[in-house]
Amino acid sequence: MTASPDYLVILFVTTAGTNGARLGSDERELLQLLWKVVDLRSKEFNQSVSNELNIGVGTSFCFCTDGQLHIRQVLHPEASKKHKTWVITSSRQGLNEVPFVDFVQVHKDLNLDKNSPAFPYGASQVEDMGNIILTLISEPYNHRFSDPERVNYKFESGPCSKMELVDDNAVIRARGLPWQSSDQDIARFFKGLNIAKGGAALCLNAQGRRNGEALVRFVSEEHRDLALQRHKHHMGNRYIEVYKATGEDFLKIAGGTSNEVAQFLSKENQVIVRMRGLPFNVTTEEVLTFFGQHCPVTGGKEGVLFVTYPDSRPTGDAFVLFACEEYAQNALKKHKDLLGKRYIELFRSTAAEVQQVLNRYSSTPLIPLPTPPILPVLPQQFVPPTNIRDCIRLRGLPYAATIEDILEFLGEFSTDIRTHGVHMVLNHQGRPSGDAFIQMKSADRAFLAAQKCHKKTMKDRYVEVFQCSAEEMNFVLMGGTLNRNGLSPPPCLSPPSYSFPAPAAVVPTEAALYQPSMLLNPRTLQPSTAYYPAGAQLFMNYTTYYPSMQQRMDLYTQMIRPGQCSKNGFAFKGPSS
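Just so it is clear, the structure is predicted and the values come from calculations on it, not from any experiment. (Residues numbered from 1 in each chain as written. Predicted model: local features only at pLDDT ≥ 70, side-chain atom pairs only at ≥ 80, totals over all residues. Heavy atoms only, no water.)

Peer 1: Would you mind going over the sheet that holds strand β11 (residues 210-218) in detail, with residue names and values included?
Peer 2: Where strands meet in a sheet, backbone hydrogen bonds hold them as pairs that are either parallel or antiparallel. A sheet is described by the order of its strands in space; here five strands give the open sequence β10-β11-β9-β13-β12, paired in antiparallel fashion. If you trace the sheet from one side to the other, it starts and ends with β10 (195-204) and β12 (233-235), each paired once. Averaged over all neighbouring strand pairs, the angle between strand axes comes to 30°, with direction disregarded. Together, β9 (171-175), β11 and β13 (238-244) form the strand contacts of helix α5 (residues 221-228), whose direction differs from that of β13 by roughly 140°. Here helix α6 (residues 247-254) sits on the sheet in contact with β9, β10 and β11, set at roughly 70° to β10. (Pairing = 2+ DSSP bridges. Helix = DSSP H or I, 4+ residues; strand = E, 2+ residues; numbered from the N terminus. Axes fitted to C-alpha atoms, helices over the stretch in contact; angles between N-to-C directions. Contact = heavy atoms within 4.5 Å.)

Peer 1: Tell me what's going on with the side chain of Glu-472, and back it up with residues and numbers.
Peer 2: Along the chain, Glu-472 falls in helix α13 (residues 470-477). For Glu-472, the side chain forms a polar contact with the main-chain nitrogen of Ser-469, separated by 3.0 Å. (Polar contact = N/O pair within 3.5 Å; in protein donor to acceptor, adjacent residues only side chain to side chain.)

Peer 1: Which residues make up the packing of aromatic side chains, and what are the values?
Peer 2: Centre-to-centre distance and the angle between the planes together describe a pair of aromatic rings. Following the criterion strictly, the structure yields five aromatic pairs and no others. Ring geometry for Phe-190 versus Phe-218: centroids 5.4 Å apart, planes at 85°, classification edge-to-face. With a gap of 28 residues between them, Phe-190 in the loop between α4 (183-189) and β10 and Phe-218 in strand β11 connect regions that are remote in the sequence. Here Phe-190 and Phe-218 have matching classes, each one buried. Here the aromatic residues Phe-189, Phe-190 and Phe-218 are joined through ring pairs into a cluster of three or more. Lying across the ring of Phe-409, Lys-456 places its NZ or CZ 5.2 Å from the centre. (Phe/Tyr/Trp six-rings, centres within 6.5 Å; stacked < 30°, edge-to-face > 60°. Buried < 20%, exposed > 50% of the residue type's maximum accessible area, 1.4 Å probe, protein only. Lys NZ or Arg CZ within 6 Å of the ring centre and 35° of its normal.)

Peer 1: How would you explain the sheet that holds strand β20 (residues 345-349) if you had to name every residue and give the values?
Peer 2: Within the open sheet, the four strands sit side by side as β16-β17-β15-β20. Their pairing is antiparallel. The two strands at the open ends of the sheet, each matched to only one other strand, are β16 (304-308) and β20. Going across the sheet, the axis of each strand differs from the next one's by a mean of 25°, ignoring polarity. Note: strand β15 (residues 271-276) against β20, five bridges, orientation antiparallel. Directly across from Ile-272, in β20, lies its bridge partner Ser-349.

Peer 1: Quick rundown of the pairing of strand β21 (residues 391-395)? Include the residues and the values.
Peer 2: Summarising burial for β21: four of the five residues are buried, a large majority. Summarising the sheet, β21 and strand β25 (residues 461-468) pair through five bridges and their orientation is antiparallel. Within the sheet, the bridge partner assigned to Leu-394 lies in β25 and is Val-465.

Peer 1: I'd like a rundown of the pattern of salt bridges, residues and numbers included.
Peer 2: Counting across every chain of the model gives 22 salt bridges. As a salt-bridge pair, Arg-217 and Glu-164 come within 2.8 Å of each other at their nearest N and O atoms. With Arg-217 in strand β11 and Glu-164 in the loop between β8 (160-161) and β9, this pair connects stretches of sequence that are 53 residues apart. As a salt-bridge pair, Arg-348 and Glu-325 come within 2.4 Å of each other at their nearest N and O atoms. A residue pair is termed long-range when its members are at least 10 positions apart, and Arg-348 in strand β20 and Glu-325 in helix α9 (residues 325-332) qualify at 23 residues. Overall, Glu-325 belongs to the partly exposed group, its relative accessible area being 35%. Each of the salt bridges in this network shares a partner with another, and the network as a whole consists of Arg-210, Arg-274, Asp-317 and Glu-353. (Salt bridge = Lys/Arg side-chain N within 4 Å of Asp/Glu carboxyl O.)

Peer 1: Just give me the short version of the side chain of His-423, but keep the residues and values in it.
Peer 2: Following the sequence through the fold, His-423 ends up in strand β22 (residues 417-426). The exposure class of His-423 is buried, given its relative accessible area of 0%. A polar contact of 3.4 Å, which involves the side chain of His-423, links it to the backbone oxygen of His-420.

Peer 1: So what about helix α8 (residues 284-291)? Which residues, and what values?
Peer 2: Of the residues making up α8, those classed as buried are Thr-284, Val-287, Phe-290 and Phe-291. The arc that holds every buried residue of α8, seen down its axis, measures 120°, which confines them to one face. In the core, the buried residues of α8 are packed alongside β15, β16, β17 (314-322), α9, β18 (338-339) and β20. At the exit of α8 stands Gly-292, carrying a positive phi of roughly 75°. (Arc of directions from axis to C-beta.)

Peer 1: Describe helix α12 (residues 443-453), listing the residues and the values that go with them.
Peer 2: Turning to α12, its buried residues are Ala-446, Ala-449, Ala-450 and Cys-453. The arc enclosing the buried residues of α12, seen along the axis, measures out at 95°, which places them on a common side. Away from its buried face by more than 90 degrees, α12 exposes Asp-444, Gln-451 and Lys-452. Its buried side turned inward, α12 meets β21, α11 (403-410), β23 (432-440), β24 (456-458) and β25. The positive-phi residue at the C-terminal boundary of α12 is Lys-455, with phi of around 65°.

Structural data, given as structure tokens:
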């Protein structure tokens, strides 16, 4: 709307929580809604007090608020949670168009007198806003309210190219989403903020299933900053964490280069449904017949996209387009219906998910290679015999704990740590698990450390310390579990066969394939080298400790003059001749 509206509806809201600059950030309920109508043609207040404005057909009006928070952070989210439509949609033109004005600054510039303090909170603000507007539209200012901002009430899906430029300051990462959430649910969570077209990308894990995270791209940095204020707001019974992300992060998830995918997603405002578990010999006609007449597929055969490997072998997945929500809901009712002799899983999907699935399968090698084995990254000279309990395990560490925190926690025993002997255990999402393993110089020092440091506090948390062996440490670091019932082997080993042979074999760097018998054979590496197999399906759940800069200088000195021990207790053997 470029022309000036006929009416301005002044709005002011308060909530049961924080007001002012943090209005709406604490997700508290709307407590007070005040409004007043200004007739811009007659330049006076409309005295009508009713739930409906008696205006003629074709007349336009829009909201006017003191800043964006009243509309974007309170009214729209409140209406969305309570499934109201009085803010979100309207048959009259311009209901979602809002001029946002800094009335405090304007009030100072116009040198207007404030209302009597007898007015209650909220009413006083509305009166001041009304007087300011009447002053602005009268002589000598004759201001025209035009080109208001629009609050998008519907999320538009669409494709995204990897060559597209995405502003780093307009992207957030949402974490903790329900697994069945869709891009529309994300748009509903951020109701009131304008998400860019195709800007909601659900993330998938290594198995192609949703991992509870999403990347969301907004139209501007201003909207991104408002989105960050919704950190730990709720979607159903779950609170959602909101963090900053980058444009590169978004393109990794939502970007694609396939012309076939771009053509499939070029049909706008379509609802996408993912099919999983299809027979490998299924045809497009059979898919169309499966959905039937109650949920027709958009464009017939063109509305079905089969996912294949690079050699055109089918994966059993497909994506289907539907023209409206009603057709999509009818289609989803066929979840686990039979197609041939197989039941078919149906899920609501997104354009970003189409890109991710196609990108994943298009990069799969034609000849599947055996999974690279997990090899210890510890140098052979630092791997102690497995029957000696010269390691300690820390359990219950704060997630933000650093190597320096661990060294401080161990105190006098930190000088007994072997070089590269601190290992932080990570979970399958690559985040700290709260566990760490420490390689000590002797079993006696490990025993004393476990006795004296057990249940000491680190950042207001007590940490449990246990003595353990290298065998137990290696099991956990390579994906196994260690609990009261003993050792549970890593996923790559069957229970009767796991063992740790003597550290004798050396695996050449150039080797592409490894025999199962060599799975856990240690590999001789230089002290500063760590081997992480590319594309390993089993996670290397740890990081290796590298000394600080001062320690590095001491270690460098030891390389020049091997055999001497630095004052910080870390010894570094010089290169063998």
